[in-house]
Amino acid sequence: MSYDVIIIGGGPAGLTAGLYAGRANLKTALVERGMPGGQAATTEMIENYPGFPEGIMGPELMMRMADQARRFGVEFVTTNVERVREEDGRFILSCTDREMVGRALIIATGAEPKELGVKGERELRGRGVSYCATCDGAFFRDKKVAVVGGGDAAVEEALFLTKLVDKVYLIHRRDALRATKVLQERAFANPKIEFIWNTTVAEILGTDKVEALLLQDAKTGEKRSIAVDGIFIYIGMKPNTEFIRELARVDEGGYLITDDNLMTSIPGIFAAGDVRQKKLRQVITAAADGAMAAVAVEKYLEEKKMR
Ligand code: NAP
């Protein structure tokens, strides 16, 4: 199938791009490998998206964005894009089960959680090792869990887990959190959270499921273990750009480099949301990127027609 624009990724950036492209009467497909919504759909409550003074549940906000894009004629396609090549000024997408052709592309594939890279992490994934408290928190009702990391995600999810579990150890490699002040204050005031500072996880222990963590003091190197039933890893994200890295320029972290119009190094390929090199990664900035990228695509296609 051939489209004016193919959007890859169905988080807030992709869905907003779809809404704008659809309203601009561009023949638009949105390709998503799973359920639309992206990371925001795995966040319990979103408190910093304007217009919802009491906050809004992540899945609900994303479902509304998807409905809005659908209303303007965006065609949703569930498949995985494996490779992109350029042929005669068009982009051919090799997907798991089909080929798709677009006159322009918007990459909005976001980012996914980084792994710690320690023994036991892969082996016990899904059996106590998790990267999504909203998805898996309920399995740990009244138990003890650890959260690793000191950013917004770690602190926010540690706070969420306190509603379910008996105790949360927040393990951070330094002695100060990176998370925003308001989240820090809530965490410090929460009696269910115990902070373990200047510490890294050396190994995740357990036979069939997580039973304990081997911790290492970042200053002295001393090791000790603590008993936990689960570990939630929030040490940052890595961009989903493997399928496009050979074509478009990325920075040292793998994020797509864009110009003021969100165009990548390849004319006709645009990027929006967490997948591109930028300062602030939030739902609101992803949505804003989506709008900008779709408008830029519209201009790009018009100018191309005139040439
Ligand atoms: P992040 O801000 O990059 O924080 C990652 C944390 O993990 C840092 O505290 C870092 O320690 C630690 N870390 C990194 N590698 C590690 C390793 N190998 N071992 C142990 N610790 C390690 O990532 P994030 O929290 O996932 O957030 C990503 C983006 O989404 C941010 O821009 C964030 O603001 C945004 N976000 C916002 C909200 C919100 O506004 N409510 C919620 C979630 C995410 P150091 O501090 O020592 O570097």
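In this text, all values refer to a predicted model and were calculated from it rather than measured experimentally. (Residues numbered from 1 in each chain as written. Predicted model: local features only at pLDDT ≥ 70, side-chain atom pairs only at ≥ 80, totals over all residues. Heavy atoms only, no water.)

What to know about the site of the ligand
Put simply, the rule reads: If even one non-hydrogen atom of a residue comes within 4 Å of a molecule or strand, that residue is called near it. Any pair of nitrogen or oxygen atoms within 3.5 Å is treated as a polar contact; in protein, a donor-acceptor pairing is required on top of that, and neighbouring residues in sequence qualify only through side-chain atoms on both sides. Working definition of accessibility: Shrake-Rupley area with a 1.4 Å probe, residue cover restricted to the visible protein chains. Three residue categories are used. Nonpolar comprises Ala, Val, Leu, Ile, Met, Phe, Trp, Tyr, Cys and Pro, charged comprises Asp, Glu, Lys and Arg, and polar comprises the others, including Gly. Here the limits of each domain have been adopted from an automatic or database domain assignment.
Around the ligand sit 17 residues in total, of which Gly150, Asp152, Glu156, Arg174 and Arg178 are the nearest. With respect to the ligand, the side chain of Asn48 contributes an N or O atom lying 3.2 Å from an oxygen atom. At a separation of 3.0 Å, an oxygen atom of the ligand approaches a polar side-chain atom of Arg173. Here the ligand has 910 Å² of accessible area as a free molecule, and 74% of this is covered by the chains. Among the residues making up the shell around the ligand, the classes are represented as 4 nonpolar, 7 polar and 6 charged. Residues from two domains meet in the shell around the ligand; each of domain 1 (2-112 + 237-306) and domain 2 (115-233) gives at least three.

So, the packing of helix H1 (residues 12-23) against helix H2 (residues 58-71)
Which entries qualify depends on this criterion: An axis is simply a line fitted to the C-alpha atoms; with a helix, the fit covers only the stretch in contact. Between two such axes, the angle follows the N-to-C directions and lies from 0 to 180 degrees. Only DSSP runs of H or I covering at least 4 residues are called helices, and only runs of E covering at least 2 are called strands; the numbering of each starts at the N terminus. Any angle that is under 35 degrees is reported as roughly parallel, and any over 145 degrees as roughly antiparallel; angles of 65 to 115 degrees are reported as roughly perpendicular and all others as oblique. In this scheme the handedness of a crossing depends on how the near helix is turned from the far one: anticlockwise by less than a right angle means left-handed, clockwise means right-handed. Any pair of residues with heavy atoms lying within 4.5 Å of one another is described as a contacting pair.
Orientation of H1 relative to H2, taken along the N-to-C sense of each, is 25°, at an axis distance of 8 Å. One way to sum up the angle between H1 and H2 is to call them roughly parallel. Crossing of H1 over H2 shows left-handed handedness. Facing H1, whose interface residues are Pro12, Leu15, Thr16, Gly18 and Leu19, H2 presents Met62, Met65, Ala66, Gln68 and Ala69. Residues that form the contact of H1 with H2 fall into these classes: 7 nonpolar, 3 polar and no charged.

Observations concerning the domain arrangement of the protein chain
How we decide: Here the buried area means the combined drop in accessible surface, using a 1.4 Å probe, for two parts upon being joined, counting both sides.
Domains assigned within the protein chain are domain 1 (2-112 + 237-306) and domain 2 (115-233). Taking only C-alpha atoms into account, the centre of domain 1 sits 32 Å from that of domain 2. Contact with domain 1, which involves 4 residues of that partner, is made by 7 residues of domain 2. Taken over both partners, the interface formed by domain 1 and domain 2 buries close to 440 Å², and the fraction arising from carbon and sulfur atoms is 42%.

Some words on H2
As a reminder of what qualifies: Multiply 1.5 Å by the residue count of a helix minus one, and that product is the helix's expected span. For the exposure calls, accessible area comes from a 1.4 Å probe over protein chains only, and a residue counts as buried if that area is under 20% of its type's maximum, exposed if over 50%, partly exposed in between. Note: the arc covers the axis-to-C-beta directions of the helix.
Here H2 contains 14 residues, and its C-alpha end-to-end distance of 20 Å stays within 8% of the 20 Å for a straight helix at 1.5 Å per residue. Of all the positions in H2, only Gly58, Leu61, Met62, Met65, Ala66 and Ala69 are classed as buried. Down the axis of H2, the buried side of the element spans an arc of 135°, and every buried residue falls inside it. Set apart from the buried face of H2 by more than 90 degrees, the exposed residues are Met63 and Arg71. After H2 finishes, the residue Gly73 shows a positive phi value of roughly 90°.

Section: the sheet that holds strand S12 (residues 167-171)
Definition in use: DSSP calls a pair of strands paired once it identifies at least 2 bridges connecting them.
Here 5 strands make up an open sheet; going across it, the order is S10-S17-S11-S12-S13 and the pairing parallel. Two strands bound the open sheet, and with one partner strand each, they are strand S10 (129-130) and strand S13 (193-196).

Considerations on the environment of Asp4
Within the secondary structure, Asp4 is located in strand S1 (residues 2-8). The spatial distance from the C-alpha of Asp4 to the C-alpha of Val297 is 9.0 Å, given a sequence separation of 293 residues. Not counting residues up to four positions away in its chain, the partners in contact with Asp4 are Asn25, Leu26, Lys27, Gly102, Arg103, Ala104 and Leu301. Side chain to side chain, Asp4 and Arg103 meet in a polar contact 2.8 Å long.

Section: the sheet that holds strand S14 (residues 199-205)
Strand order across the open sheet formed by 3 strands is S14-S15-S16, with antiparallel pairing between neighbours. The outermost strands of the open sheet, each flanked by one partner alone, are S14 and strand S16 (223-227). The mean angle between the axes of side-by-side strands here comes to 30°, regardless of whether they run parallel or antiparallel. Note: S14 against strand S15 (residues 212-217), 6 bridges, orientation antiparallel.

Section: the packing of helix H4 (residues 152-161) against helix H5 (residues 181-188)
When two helices pack together, their arrangement is given by the angle between the helix axes and by the axis-to-axis distance. The geometry of H4 relative to H5 is characterised by a closest axis approach of 10 Å and an angle of 40° between their N-to-C directions. When the axis of H4 is compared with that of H5, the two are oblique. Here H4 and H5 pass one another in a crossing that is left-handed. Contacts between H4 and H5 pair Asp152, Val155, Glu156 and Leu159 from the former with Leu183, Gln184, Arg186 and Ala187 from the latter. Along the lines of polarity and charge, the residues of the contact of H4 with H5 split into 4 nonpolar, 1 polar and 3 charged.

Brief notes about the pattern of salt bridges
Selection criterion: Think of a salt bridge as a Lys or Arg side-chain nitrogen and an Asp or Glu carboxyl oxygen that are within 4 Å of each other.
One pass over the full model with this rule turns up 17 salt bridges. Of the charged contacts in the structure, one is a salt bridge between Asp4 and Arg103, with a shortest N-O distance of 2.8 Å. Here Arg103 lies in strand S8 (residues 99-107) and Asp4 lies in strand S1, a separation of 99 residues in the sequence. The class for Asp4 is buried, based on a relative accessible area of 17%. Asp97 is the salt-bridge partner of Arg98, the closest N and O atoms lying 3.2 Å from each other. Salt bridges here are not isolated pairs; linked through shared partners, they connect Arg33, Glu112 and Lys238.

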